[in-house]
Amino acid sequence: MALWSIMAAPLIMSADLRTIRPFSRALLLNRSAISINQDRLGAPGRRIDKIESIQVWTKAIEPKGSLAFIFHHSGLIPVQQLPVRFSIGLARLGLSSQGGYNITEVFDGRYIGTFKAADTLTVNVNPTGVFFGKAVPL
């Protein structure tokens, strides 16, 4: 769902939303993820980096200067069954506002913190999972 949101692509599924598990239904109907997919800029996301088993994807979104981003754990390391602690500088994501950013987790809306462009963001990424974030300038 996170990669779909970043790619600004149509979501095609062949399941009846009335009969799927509640967790899956909630994921597919997540308003924040859908709003990133259907953002007015219409810009598709792109992979900007791969650091060991983590792919880094970004997408410019509204309001101006905001960014959606994904840290996708590819799970290519068979012995790695634990979450990976992943750190990256905000500047490496392309964030440069001197005023800083509020960062939230997209799926659950959890506030991660306020960061400056020179700061480093550190999160846990589950095996074959994602961290889906949104940075909005202050």
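Owing to the predicted nature of the structure, the values given are computational and were not obtained by experimental measurement.

Each value, and the rule that gives it
Residues numbered from 1 in each chain as written. Predicted model: local features only at pLDDT ≥ 70, side-chain atom pairs only at ≥ 80, totals over all residues. Heavy atoms only, no water. Buried < 20%, exposed > 50% of the residue type's maximum accessible area, 1.4 Å probe, protein only. Helix = DSSP H or I, 4+ residues; strand = E, 2+ residues; numbered from the N terminus. Pairing = 2+ DSSP bridges. Phe/Tyr/Trp six-rings, centres within 6.5 Å; stacked < 30°, edge-to-face > 60°. Contact = heavy atoms within 4.5 Å. Core = buried A, V, L, I, M, F, W, Y, C linked by side-chain atoms within 4.5 Å. pLDDT = per-residue confidence, 0-100. Axes fitted to C-alpha atoms, helices over the stretch in contact; angles between N-to-C directions. Polar contact = N/O pair within 3.5 Å; in protein donor to acceptor, adjacent residues only side chain to side chain.

Engineer: What is the right way to look at the pairing of strand β4 (residues 84-89) in this model?
Structural biologist: Each regular strand displays side chains that alternate between the two surfaces of the sheet. Burial along β4 is one-sided: the residues Val84, Phe86 and Ile88 are buried and none of Arg85, Ser87 and Gly89 is. Sheet topology note: the β4/strand β7 (residues 120-125) ladder contains six bridges and is antiparallel. Residue pairing for β7: Ser87 is matched across the bridge by Thr122.

Engineer: Got a minute to help me understand unusual backbone geometry in this structure?
Structural biologist: For residues that are not glycine, phi is negative in most cases, and the peptide bond is trans in most cases. Cis peptide bonds are those with omega within 30 degrees of zero, and the linkage from Glu62 to Pro63 qualifies with 0°. Looking at the element boundaries, Pro63 is found in the loop between β2 (54-61) and β3 (66-73). The residue Glu52 is not glycine, and still its phi comes out positive at about 55°. With respect to the secondary-structure elements, Glu52 resides in the loop between β1 (46-51) and β2. The backbone of Thr128 sits at a positive phi, close to 50°, despite the residue not being glycine. Note that Thr128 resides in the loop between β7 and β8 (130-137).

Engineer: Please clarify how the packing of aromatic side chains should be interpreted in this entry.
Structural biologist: What describes a pair of aromatic rings is the distance from one ring centre to the other and the angle between the planes of the rings. Inspection of every chain in the model, using the stated rule, returns five aromatic pairs. Taken together, the aromatic side chains of Phe69, Phe71, Phe86 and Phe131 make up a single cluster linked through ring pairs.

Engineer: What exactly am I supposed to notice about the side chain of Ser5 here?
Structural biologist: By the element assignment, Ser5 lies in helix α1 (residues 2-7). Beyond its immediate sequence surroundings of up to four residues, Ser5 is in contact with Ala33, Ile36, Asn37, Lys59 and Phe132.

Engineer: I would appreciate a short explanation of the nonpolar core in the present structure.
Structural biologist: Side chains that are nonpolar tend, in soluble globular proteins, to be buried together. Membership of the largest hydrophobic core comes to 19 residues, with the highest contact counts inside it found for Phe69, Phe71, Leu93, Ile103 and Leu121. Sequence-distant contacts of Phe69, that is, excluding residues within four places in its chain, are made with Ile6, Trp57, Thr58, Leu93, Ile103, Leu121, Phe131, Phe132, Gly133, Lys134 and Ala135. Counting residues in each nonpolar core, the second largest holds ten residues, with Ile6, Trp57, Ala68 and Phe132 among its members.

Engineer: Could you clarify how one ought to interpret the confidence of the model for the protein in this entry?
Structural biologist: Note: predicted coordinates in regions of low pLDDT should not be interpreted at a detailed level. Predicted confidence across the protein gives a mean pLDDT of 90, with 96% of residues reaching 70 or more. Of all secondary-structure elements in the protein, the lowest mean pLDDT belongs to helix α2 (residues 22-28), at 83, while strand β5 (residues 101-105) reaches the highest, 98.

Engineer: What's the story with the sheet that holds β2 in this structure? I'm lost.
Structural biologist: Where strands meet in a sheet, backbone hydrogen bonds hold them as pairs that are either parallel or antiparallel. Here six strands make up an open sheet; going across it, the order is β1-β2-β3-β8-β5-β6 and the pairing antiparallel. Of all the strands in the sheet, the pair left with one neighbour each is β1 and β6 (111-115). Sheet twist, expressed as the mean angle between neighbouring strand axes with direction ignored, is 20°. Alignment of β3 against β8, held across six bridges, turns out to be antiparallel. Directly across from Phe71, in β8, lies its bridge partner Phe131.

Engineer: Hey, could you run me through the side chain of Asp49 in this one?
Structural biologist: Mapped onto the secondary structure, Asp49 falls in strand β1. Polar side-chain contacts of Asp49 include one of 2.5 Å to the side chain of Arg92. Discounting chain neighbours no more than four positions away, the residues touching Asp49 are Ile54, Gln55, Val56 and Arg92.

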